[in-house]
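One letter stands for each residue in the lines below.
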Amino acid sequence: MELGLKDKSFVVGGASSGLGRAVAGQLVAEGARVLLVARKEDALRGVARELGEQAYPCAADVAQPSGVDKVASVALDNFDTLDGVLVNAGGPPFGPALELSDEQWLAAFELLIGGPVRLLRTLAPRMNDGASILFITSTSVREPIKDLDSSNVLRPGVAALVKCLAKELGPRVRVNSMAPGRIDTARSRSLDEARAAEFGISTEEQRQNVSQGIPLGRYGEPAELGRTATFLLSP
């Protein structure tokens, strides 16, 4: 299927690994130019080398105002305008609600809501008509996940933000979100390791137990989400 992405320009968050890396790779495969954004500069440059000349690394922490300024500056240096943004970042800290510190709650807010709002406030005016914004959220928007209370509280707020932005920016810019279940990423593996230690079982046994509750009987692959996200970002 031709997605009409040749020479389109995108900013992709969390692009150094996992879901962001998968989306960036699929966009480049479709002929798009992609600004890769993540905090880990070495990993980001490695991804840029793998993806080729259509990928541009930009090491920045978009939870910080200075990081947003850097992304906007580098994006404008490389692209005249933008056709899409993937809002995606690593997960907030593990822990039950009352055991998380004020600093952890504030950092989780900046990661999931504060930073994305600042980023889109800056980038949305530079987006072409027909552009698309896509947020990667989590199944915690619908059902709490044990010991991930910062996500359980804030991800539904992200889903509400998506609805607000869809009304505010549409029809010129489309705004959607995806709430993936268990995808085989480093984040999921770390969660499995923590659960396995808690239950006194092996990580593989924990993974098998979780897989039994998934209709396909297995974890999703990042590339599968990458293809779907690329479709949603396309015209």
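Structure: above.
Residues numbered from 1 in each chain as written. Predicted model: local features only at pLDDT ≥ 70, side-chain atom pairs only at ≥ 80, totals over all residues. Heavy atoms only, no water.

## Re the environment of Ala131
- By secondary structure assignment, the location of Ala131 is in strand S5 (residues 127–136).
- Exposure remark for Ala131: the relative accessible area of 1% places this residue in the buried category.
- For Ala131 and Asp83, which are 48 residues apart along the polypeptide, the C-alpha to C-alpha distance reads 4.5 Å.
- Those residues in contact with Ala131, other than ones at most four positions away along the chain, are Leu82, Asp83, Gly84, Arg172, Val173 and Arg174. (Helix = DSSP H or I, 4+ residues; strand = E, 2+ residues; numbered from the N terminus. Buried < 20%, exposed > 50% of the residue type's maximum accessible area, 1.4 Å probe, protein only. Contact = heavy atoms within 4.5 Å.)

## A closer look at the sheet that holds strand S6 (residues 173–178)
- Across the sheet, which stays open at both edges, the six strands sit in the order S3-S2-S1-S4-S5-S6 with parallel pairing between neighbours. In this open sheet, the two strands that pair with only one neighbour each are strand S3 (55–59) and S6. Strand-to-strand twist of the sheet, defined as the mean angle between neighbouring strand axes without regard to direction, takes the value 15 degrees.
- With five bridges connecting them, strand S4 (residues 82–87) and S5 associate as parallel partners. Bridge assignment links Leu86 to a residue of S5, and that residue is Leu134.
- Across the sheet, helix H2 (residues 41–51) is in contact with strand S2 (33–38) and S3; its angle to S3 comes to roughly 175 degrees. (Pairing = 2+ DSSP bridges. Axes fitted to C-alpha atoms, helices over the stretch in contact; angles between N-to-C directions.)

## Thoughts on the packing of aromatic side chains
- On inspection of all chains with the given rule, the structure shows one aromatic pair.
- Above the ring of Phe94, the side-chain terminus of Arg187 is found at 4.6 Å from the ring centroid. (Phe/Tyr/Trp six-rings, centres within 6.5 Å; stacked < 30°, edge-to-face > 60°. Lys NZ or Arg CZ within 6 Å of the ring centre and 35° of its normal.)

## Focus: the pattern of salt bridges
- Enumeration over the complete set of coordinates arrives at ten salt bridges.
- A salt bridge links Arg182 to Asp192; its shortest N-O distance comes to 2.8 Å. Of the two residues, Arg182 is situated in the loop between S6 and helix H6 (186–199) and Asp192 in helix H6; the sequence distance between them amounts to ten residues.
- Residue classification places Arg182 among the partly exposed positions, given a relative accessible area of 25%.
- Asp192 sits in the buried class, given a relative accessible area of 2%. (Salt bridge = Lys/Arg side-chain N within 4 Å of Asp/Glu carboxyl O.)

## Describing the pairing of S5
- For S5, a buried count of seven out of ten residues is recorded, marking the element as mostly surrounded by other parts of the structure.
- Following the chain from S4 across helix H4 (residues 102–123) to the adjacent parallel S5, one finds a crossover that is right-handed.
- Where S5 meets S6, six bridges bridge the pair, whose relative direction is parallel. Note on S6: the bridge partner recorded for Ser132 is Arg174.
- Remark: the S5/helix H5 (residues 149–169)/S6 crossover connection has right-handed handedness. (Right-handed = clockwise from strand over helix to strand, strands pointing away.)

## Details of helix H3 (residues 65–78)
- Taking 1.5 Å per residue, 14 residues should reach 20 Å; H3 reaches 20 Å between its end C-alpha atoms and fits that length.
- All of the buried residues in H3 are Gly67, Val68, Val71, Ala72, Val74 and Ala75.
- Contacts from the buried residues of H3 go to strand S1 (9–13), S2, S3 and H4. (Expected span 1.5 Å × (residues − 1).)

## Comments concerning the side chain of Ser211
- Within the secondary structure, Ser211 is located in helix H7 (residues 203–211).
- Accessibility expressed as a relative area gives 12% for Ser211, which makes it buried.
- A distance of 2.9 Å separates the side chain of Ser211 from the backbone oxygen of Arg207, its partner in a polar contact.
- Not counting residues within four places of it along the chain, the set of residues in contact with Ser211 comprises Gly217, Arg218 and Tyr219. (Polar contact = N/O pair within 3.5 Å; in protein donor to acceptor, adjacent residues only side chain to side chain.)

## Here's the deal with the nonpolar core
- Ranked by size, the top nonpolar core spans 34 residues in total, and within it Val11, Leu35, Val71, Val85, Ile133 and Phe135 carry the most contacts.
- When contributions to this core are tallied by element, the ones reaching two or more residues are S2, H3, S4, H4, S5, H5 and S6.
- Among the elements that make up this core, the one with the highest residue count is H4 (seven residues).
- For Val71, the contacting residues outside a window of four places in its chain are Val11, Leu35, Val37, Cys58, Ala60, Val62 and Leu119.
- Among the nonpolar cores identified, the runner-up in size contains 28 residues, and Leu3, Val34, Leu44 and Ile136 belong to it. (Core = buried A, V, L, I, M, F, W, Y, C linked by side-chain atoms within 4.5 Å.)

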